[in-house]
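A closer look at the structure
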Amino acid sequence: MSAVLDILSAVLLLVGTLFTLIGGTGLLRLPDVFTRLHGASITDTLGAGAILLGLALAAGWSLLMGKLLALLLIMALLSPSTAHALARAAIHGIRKPWLDEAQK
Amino acid sequence: MTLTITLIALLVTMAFALIRAIKGPTVYDRILASNALGTKTVLMITVLGFVVGDPELYIDIALMYVLIGFIGTVAVLKVSEFGNLGQPQSHTDPEDP
Amino acid sequence: MLIEVINIVLLALLAVTAIAAVRLHDLFAVAMMFGIYSLLAAVMFVLLDAVDVAFTEAAVGMGISTVLMLGTIGLVGRHERASAHRSLLPLAVVVATGVALIYGTLDMPFFGDPDAPVHQHVAPFYISESPSQTGVPNVVTSILASYRGYDTLGELAVIFTAGVGVLGLLGLRRRKRPGKEGPHDDR
């Protein structure tokens, strides 16, 4: 049982790591704020979620697991709010999202 | 081993976000990058707790960081959208796009 | 090994952030850079096991000082005025001071050396006596809140006064001005 949990935790950690890297690359490479927001949001939701879940599995039943899940919950609540507020502020300030050449 | 990989990936992502924060070009890119860096820091402190072997101590810092980072980001966004923190005043600095 | 690599990378990122903060001229971006700097510095503190300092750095560096800086930017405008004078002489002074300081560190004991005077002077007394004398499990907290309780109380008074003063400078007088309300989100 514990071996299964260990493997599951490692897989979740690796998945989270992968999504974090993907999101970071997106944050660096994508063309404007709104598209970069996608990249950053992926690191906050999928990346952080998978990593924290993996750590919670590694922690086992304890207060630590509760705190990790609380951290996960807080992040799941706060990072979409932040992303929304940021997108709203950006659409106020910039007013023109980047569009592909074909869409103009 | 997995924790090491995760730590290194988090460091790389932090470096990416830092490059984005330096390059800009708009304010919102910088806010986005610094916010992303904040969540990466929280994750990194949590993972570091497991690497060092004292996760109970580190998770409290991570929890506090998440909450304070949210306050900071909202304050930053308020300034970037309205030009101040809500003081009634006539002067507002217009955003340059 | 891993911790050393992380330390080196974090210090490099810190240096990059500091240089960027100096070279950028958009004050808003500089405030962001300071926020990032305090984040990275906090991870350094955590790595050094200085958890209390990391707490303070989180609350002050990320929260309060960013908000205060942004409030100031809201009052004074966002762009730095170009400096009129050359900064070679100050640079030379700073470099000379830095070199002298680094030369001074050569005489200091190595990091983590158990024979260092700081670990031999009063620290053993507090480490051995503070749990029985105060009943607080954390040594740093027992020193801050028990042995130096009055000191901490005075510090709190000073910080409170400073906070009230800053609030007075930033906003309270402007509230009395009649007329225009703050800009709202009108959508």
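Model, not experiment: these values are computed from the prediction. Note that residues are indexed from 1 along each chain, following the sequence as it is written. The naming scheme follows written order: chains are lettered A onward, ligands numbered 1 onward. Confidence filtering applies because this is a predicted model: local features only for residues at pLDDT of at least 70, side-chain atom pairs given and counted only at 80 or more, and all residues used for totals across whole chains, interfaces and linings.

What follows concerns the overall build of chain C. A count of helices and strands for chain C gives 8 helices and 0 strands. Where helices and strands are cited, they refer to DSSP runs of H or I of at least four residues and of E of at least two residues respectively, numbered from the N terminus. Reading chain C from its N end, one meets helices and strands in the order α-α-α-α-α-α-α-α. Between the two quantities, the radius of gyration covers C-alpha atoms and the globule rule is 2.2 Å times the number of residues to the power 0.38. Relative to the globule expectation of 16 Å for 187 residues, the C-alpha radius of gyration of chain C, 22 Å, shows a markedly less compact shape. For chain C, the spread of C-alpha atoms along the three principal axes comes to 65 × 45 × 35 Å. What counts as a contact is two residues whose backbone-derived C-beta atoms lie within 7 Å of each other. Across chain C, every contact between residues at least 6 apart in sequence was considered, and the portion connecting residues at least 24 apart equals 44%.

Broken down by element type, chain A carries 3 helices and 0 strands. From first element to last, N terminus to C terminus, chain A shows the α and β order α-α-α. Its C-alpha atoms give chain A a radius of gyration of 17 Å, more than 25% over the compact-globule value 13 Å for 104 residues. Along the first, second and third principal axes, the C-alpha set of chain A runs to 55 × 25 × 15 Å.

This brings us to the environment of Leu7 of chain B. As for its position among the elements, Leu7 of chain B is in helix α1 (residues 2-23). When the C-alpha atoms of Leu7 of chain B and Val47 of chain B are compared, they prove to be 7.0 Å apart, with 40 residues separating the residues in sequence. Apart from residues no more than four positions distant in its own chain, Leu7 of chain B is found in contact with Met44, Val47 and Val51 of chain B together with Ile6 of chain C.

Residues and elements named next belong to chain C. Axis geometry follows a simple rule: fit a line to the C-alpha atoms, using only the stretch in contact for helices, then measure angles between N-to-C directions, giving values from 0 to 180 degrees. Running from N to C, helix α6 (residues 123-134) and helix α7 (residues 139-147) cross one another at 65°; their axes reach a closest spacing of 10 Å. Seen along the crossing, α6 lies across α7 with a hand that is left-handed. Across the interface between the two elements, Tyr126, Ile127, Ser130 and Thr134 from α6 touch Val139, Ser142, Ile143 and Ser146 from α7. Classification used: nonpolar for Ala, Val, Leu, Ile, Met, Phe, Trp, Tyr, Cys and Pro, charged for Asp, Glu, Lys and Arg, polar for all others including Gly. Of the residues contributing to the contact of α6 with α7, the split by class is 4 nonpolar, 4 polar and no charged. In this scheme, a crossing is called left-handed if the near helix is turned counterclockwise away from the far one by less than a right angle; it is called right-handed if the turn is clockwise.

Moving on, we come to the domain arrangement of chain C. For the domains described, the bounds stem from an automatic or database domain assignment. You can read the domains of chain C as domain 1 (1-79) and domain 2 (115-176). Relative placement of domain 1 of chain C and domain 2 of chain C: their C-alpha centres are 23 Å apart.

With that out of the way, let us pick up helix α2 (residues 33-59) of chain A. Residue and element names in this part refer to chain A. With 27 residues, α2 should reach 39 Å at 1.5 Å per residue; the first-to-last C-alpha distance of 37 Å fits that figure. Two axes enter the definition of the bend at a residue: one is fitted to the seven residues ending there, the other to the seven starting there, and the bend is the angle between them. The sharpest bend along α2 reaches about 30° and sits at Ala48. Among the 27 residues that make up α2, 19 are buried, leaving the element largely enclosed by the rest of the structure. Two residues or fewer past α2, Gly60 is found with a positive phi of approximately 75°. Take the residue count of a helix, subtract one, and multiply by 1.5 Å to get its expected span. Put simply, a residue is buried when 20 or more other C-beta atoms lie within 10 Å of its own C-beta and exposed when 12 or fewer do; between those, it is partly exposed, and each C-beta is set from the backbone.

Residue and element names in this part refer to chain B. Here helix α2 (residues 27-52) spans 37 Å end to end across 26 residues, near enough to the 38 Å set by a 1.5 Å rise per residue. In terms of residue burial, α2 counts as a mostly covered element, since 24 of its 26 residues are buried. Where α2 terminates, the next one or two residues include Gly53, which has phi positive at roughly 100°.

Across the contact, 37 residues belong to chain B and 39 residues belong to chain A. At the level of secondary structure, the elements contributing two or more residues to the side of chain B that touches chain A comprise α1, α2 and α3 (55-82) of chain B. At 12 residues, the largest contribution of residues to the side of chain B that touches chain A is made by α3 of chain B. Among the residues forming the side of chain B that touches chain A, the class breakdown is 23 nonpolar, 9 polar and 5 charged.

All names here are of chain A. Structurally, Trp98 is set in the segment after α3 (63-93). Residue Trp98 is classed as partly exposed on the basis of its C-beta count, with 13 C-beta atoms lying within 10 Å. Contacts of Trp98, omitting those with residues within four sequence positions, involve Pro31, Asp32, Phe34 and Thr35.

What follows deals with the packing of α2 of chain B against helix α2 (residues 27-47) of chain C. Relative to each other, α2 of chain B and α2 of chain C sit at 5°, their axes nearing to 10 Å. One way to sum up the angle between α2 of chain B and α2 of chain C is to call them roughly parallel. Here α2 of chain B contributes Val27, Arg30, Ile31, Ser34, Leu37, Gly38, Thr41, Met44, Ile45 and Leu48 of chain B to the contact with α2 of chain C, which in turn contributes Phe28, Ala29, Met32, Gly35, Ile36, Leu39, Ala42, Val43, Val46 and Leu47 of chain C. Looking at the contact of α2 of chain B with α2 of chain C residue by residue, the class counts come to 15 nonpolar, 4 polar and 1 charged. Just so you know how the angles are binned, under 35 degrees is roughly parallel, over 145 roughly antiparallel, 65 to 115 roughly perpendicular, and the rest oblique.

Another aspect to go through is the confidence of the model for chain A. One confidence number per residue, pLDDT, is output by the predictor and ranges from 0 to 100. The share of residues in chain A with pLDDT of 70 or more is 93%, and the mean pLDDT across the chain is 84. Here α3 of chain A stands out as the element of chain A with the lowest mean pLDDT, 85, in contrast to helix α1 (residues 2-29) of chain A, whose mean of 89 is the highest.

Attention shifts here to the environment of Thr66 of chain C. Residues and elements named next belong to chain C. Along the polypeptide, Thr66 turns up in helix α3 (residues 51-76). Under the C-beta neighbour-count criterion, Thr66 is labelled buried, with 25 such atoms within 10 Å. As for Thr66 and Ala31, which are separated by 35 residues in sequence, their C-alpha atoms are 6.5 Å apart.

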